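Structure at a glance
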Amino acid sequence: MGKMPYGKSWFEVSRTALESNLSALGRVAGSGPSGNQPRPALLAVIKANGYGHGAALCAPVLAHSGAEWLGVTDALEGGAVRESLQAAGIAPVDQPEILLMCGLEASDVPAAVQHHLTPVVWFSEQLEWLAAHADSRQPLPFHLEIDTGMARQGVRPGEDLTQLLAEISGYPQLTLAGVLTHFASSEIAGSALTRSQQQLFKQALSQIEAARLTPAWLHAGNTSTIDEARLLPWLAAQAEAVGARLLARTGLALYGYALPLEGDVPQLAPSLLPAGTWKARVVAVRDLAPGETVGYNATFTAPEPMRLALLPVGYADGLRRELSGSDARPGGWVMLHGQRAPILGRISMNLTTVDVTQIAQAALGDVATLLGAGITADDHARLAGTIPYEILCGLRARSVLVA
Ligand SMILES: *Cc1c(COP(=O)(O)O)cnc(C)c1O
C-alpha cells in the first residue's frame, strides 16, 4: 500500500497485540463447537487497508500467527497483500488463502487469477468473467455468497439460487470452494433477524447439497458472531452436515475492539488489546491571554491565562471534527505525559490545538497520543456519533510495525 504523500502523524501497530488478539479469537471460536467437530479456521479481515492499520503490514504478522485465510476488499489490495507475504519470506504454499470480499468486477479478474485471490461471487456475469480466465485442467475456486437478509451481496435462496447452481454446474473450469452468508445483527444475541437468516442459510445449503456441489468451506458473520456463544456451534453443525470446514471471519477484534453484545455475556472484550496507537509531535507551544479566542469561528475563549500545544493533525488525517472543544461543549482529548490534554477550538484540516495548561512539562517535540492508551477508538466513536470501525478506517496515518 502506498505511503501517504503528506501528513506528519504515524500509527504504531503492535505485533504483540495482533498476535494476542488472533489467539484470543482462536480460543473463543474453538471453545463453542463441541464433541469431535474440528476447531474453526480463522479468516482475518484486513480489508479497507487493515481497518486503517495497513493491510500489507498486518498480513505477514497474522499469517505467521496462524490465520488460514485473509480477507481483502478488492484485487488491488489483494495483490499488495500477496506481495507483502512474499516479501516477508513466506513460501507460496505456506501463505494464507485470500478472500476477495467486496463487489467483484470484470476488471478484478486478471489480478485475482494472477495473485491467487478467491473471489466472492453471487451472479451469472461474475461466473462468466471468471470462466473466461480459467482452464478446466486447473479450475478456479470461488466462494458463493447467499443473501439471507442484508440485501447487499448474495443470491437469494430459492429459485434464484437453483438457477445459479445450474449455471455453476455447467462450468468445469470453476470450483465452488466455499459458501457464505453475512448476519445483519449478530451483536444482538438471539435476535429474530439472525434466526430468520439461519433458516434461509440452511435452505440454501440443502439446495447446494441437492445440486451435488460440495464446498470445502462454510462461513458466516463477523467478530460478534464469534462473541455470541450460540452461533458458531450452529454453524459448525451446518458445516459438518455438508462436509465443509467452518471458517470464522473476524476484523474488528483483530485490532482490539468489539461491539457490545446485547443479551449475552461477551467473551472477547476482556482479552483484546488495542493494536494501534496514533501519534504526532507537538510542533508549537504558545500562551493564551484571558479573552483570546482559538480557531475558526472563535468557538473557544480563554477564561484565564492558558497554554496551548499545536499538533500537525486534523480532519484530513481522520481526526473527526466532532471532537472539537468549544465554550459550550467539551470535545475530545489527546494524551500527553500520561495526562489528558483537551482539544480546544475547531479541529482544522491539518492542525489541532490542545490545552496543556495543567501539563507543566509539555514542550515542543513531545509525542502526543491521539488514539491508543487513554483515548480509544470507542471514545472517538462516541464523541463523533459513529462506530469504532469508521474511526479506524478513516485514519490516514503512515503505519509502522512495533513490538
Ligand atoms: C467486514 C466484514 C467482516 C468483518 O467484520 P467485523 O465486525 O470487523 O469482524 C466479516 N464479514 C464480512 C462479509 C464483512 O464485510
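Residues numbered from 1 in each chain as written. Predicted model: local features only at pLDDT ≥ 70, side-chain atom pairs only at ≥ 80, totals over all residues. Heavy atoms only, no water.

This part is about the overall build of the protein. Assigned secondary structure in the protein consists of 12 helices and 19 strands. Relative to the compact-globule value of 22 Å for 403 residues, the protein shows a C-alpha radius of gyration of 24 Å, a close match. Taking the principal axes of its C-alpha atoms as reference, the protein extends roughly 80 × 45 × 35 Å. Sorting the 403 residues of the protein into buried and exposed places 54% on the buried side. Put simply, of all contacts in the protein between residues at least 6 apart along the chain, 72% involve residues at least 24 apart. Within the structure as shown, the protein displays about 17,100 Å² of accessible surface, and the carbon and sulfur contribution to it stands at 53%. Averaging the positions of the 28 positive and the 36 negative side-chain charges in the protein gives two centres separated by 5 Å. (Helix = DSSP H or I, 4+ residues; strand = E, 2+ residues; numbered from the N terminus. Rg over C-alpha atoms; globule rule 2.2 N^0.38 Å. Buried < 20%, exposed > 50% of the residue type's maximum accessible area, 1.4 Å probe, protein only. Contact = heavy atoms within 4.5 Å. Areas by Shrake-Rupley, 256 points an atom, 1.4 Å probe, with all protein chains shown as cover. Lys, Arg positive; Asp, Glu negative; His and termini not counted. Charge placed at Lys NZ, Arg CZ, Asp CG, Glu CD.)

A word on the side chain of His380. With respect to the helices and strands, His380 occurs in helix H11 (residues 377–384). Among residues more than four places away in sequence, those in contact with His380 are Leu319, Leu323, Leu370, Leu371, Ile375 and Ile391.

Lys47, Tyr51, Thr223, Leu252 and Tyr389 are the nearest of the 14 residues found near the ligand. Contact between the ligand and Arg249: a nitrogen atom at 2.9 Å from a side-chain N or O atom of the residue. Interatomic distance of 2.8 Å between a backbone N/O atom of Gly251 and an oxygen atom of the ligand. Relative to its unbound accessible surface of 390 Å², the ligand loses 91% to contact with the protein. Mapping the ligand onto the cavity grids shows that it belongs to the second largest pocket. Looking at the shell around the ligand, the elements that each hand over two or more residues are helix H2 (47–51) and strand E9 (245–250). Residue classes in the shell around the ligand are distributed as 5 nonpolar, 6 polar and 3 charged. (Near = heavy atom within 4 Å. Polar contact = N/O pair within 3.5 Å; in protein donor to acceptor, adjacent residues only side chain to side chain. 1 Å grid on protein atoms, 1.4 Å probe; cavity = no way out; pocket = protein on both sides within 12 Å on 5 of 7 lines; lining within 4 Å. Sits in = over half its atoms within 2 Å of the grid points. Nonpolar A, V, L, I, M, F, W, Y, C, P; charged D, E, K, R; others polar.)

Moving on, we get to helix H4 (residues 75–87). Relative to the 18 Å expected for 13 residues at 1.5 Å per residue, H4 spans 18 Å between its end C-alpha atoms, a close match to the ideal helical length. Residues of H4 that are buried: Ala75, Glu77, Gly78, Gly79, Ala80, Val81, Arg82, Ser84 and Leu85. On the buried face of H4, the contacting elements are H2, helix H3 (55–64), strand E3 (69–72), strand E4 (97–100), helix H5 (109–114) and strand E5 (117–121). Just downstream of H4 lies Gly89, where phi reads positive at about 80 degrees. (Expected span 1.5 Å × (residues − 1).)

The volume enclosed by the largest pocket comes to roughly 500 Å³. Surrounding the largest pocket, 26 residues form its lining, Glu97, His116, Leu117, Leu140 and Pro141 being those nearest its centre. Elements with a contribution of two residues or more to the lining of the largest pocket: H4, H5, E5 and strand E6 (140–145). In the lining of the largest pocket, the residues fall into 16 nonpolar, 7 polar and 3 charged. Empty space within the second largest pocket amounts to approximately 420 Å³. Lys47, Tyr51, Met101, Arg152 and His182 are the residues nearest the centre of the second largest pocket, which is lined by 22 residues in total. Every element with two or more residues in the lining of the second largest pocket is listed here: H2, E9 and helix H12 (388–393). No other element matches H2, which puts 3 residues into the lining of the second largest pocket. Broken down by class, the residue content of the lining of the second largest pocket amounts to 11 nonpolar, 7 polar and 4 charged. (Points joined across faces, edges and corners; volume = space filled by probe spheres on them.)

In this section: the domain arrangement of the protein. By a frequent convention, interface size equals the accessible area lost on bringing the separate parts together. The domains assigned to the protein are domain 1 (32–259) and domain 2 (276–402). Taking only C-alpha atoms into account, the centre of domain 1 sits 39 Å from that of domain 2. Ranking the residues of domain 1 by area buried against domain 2 places Tyr51, Leu57 and Tyr257 at the top, with a combined share of 46%. Applying the counting criterion to the domain 1 and domain 2 interface returns 0 salt bridges. Counting across the interface, domain 1 meets domain 2 through 2 residue pairs in polar contact (both at pLDDT 80 or more). Elements with a minimum of two residues in the side of domain 1 that touches domain 2: H2 and H3. For the side of domain 1 that touches domain 2, the per-class residue count stands at 7 nonpolar, 4 polar and no charged. (Domains from an automatic or database assignment. Buried area = accessible area lost by both parts, 1.4 Å probe. Salt bridge = Lys/Arg side-chain N within 4 Å of Asp/Glu carboxyl O.)

This brings us to the nonpolar core. Ile46, Leu62, Leu70, Leu144 and Leu218 are the most contacted members of the largest nonpolar core, which totals 120 residues. When residues of this core are assigned to their parent elements, the largest contribution, 7 residues, is made by helix H10 (residues 231–242). When residues of this core are assigned to domains, at least three fall in each of domain 1 (32–259) and domain 2 (276–402). Within the second largest apolar cluster, 7 residues are counted, among which are Leu288, Phe300, Leu308 and Leu344. (Core = buried A, V, L, I, M, F, W, Y, C linked by side-chain atoms within 4.5 Å.)

One non-glycine residue, Ala151, adopts positive backbone phi at about 50 degrees. Relative to the elements of secondary structure, Ala151 occurs in the loop between E6 and helix H7 (159–169). Residue classification places Ala151 among the exposed residues on the basis of a relative accessible area of 65%. Non-glycine residue Asn297 carries a positive phi angle of around 60 degrees. A residue is classified by how much of its surface remains accessible, and Asn297, at 62% relative accessible area, is exposed.

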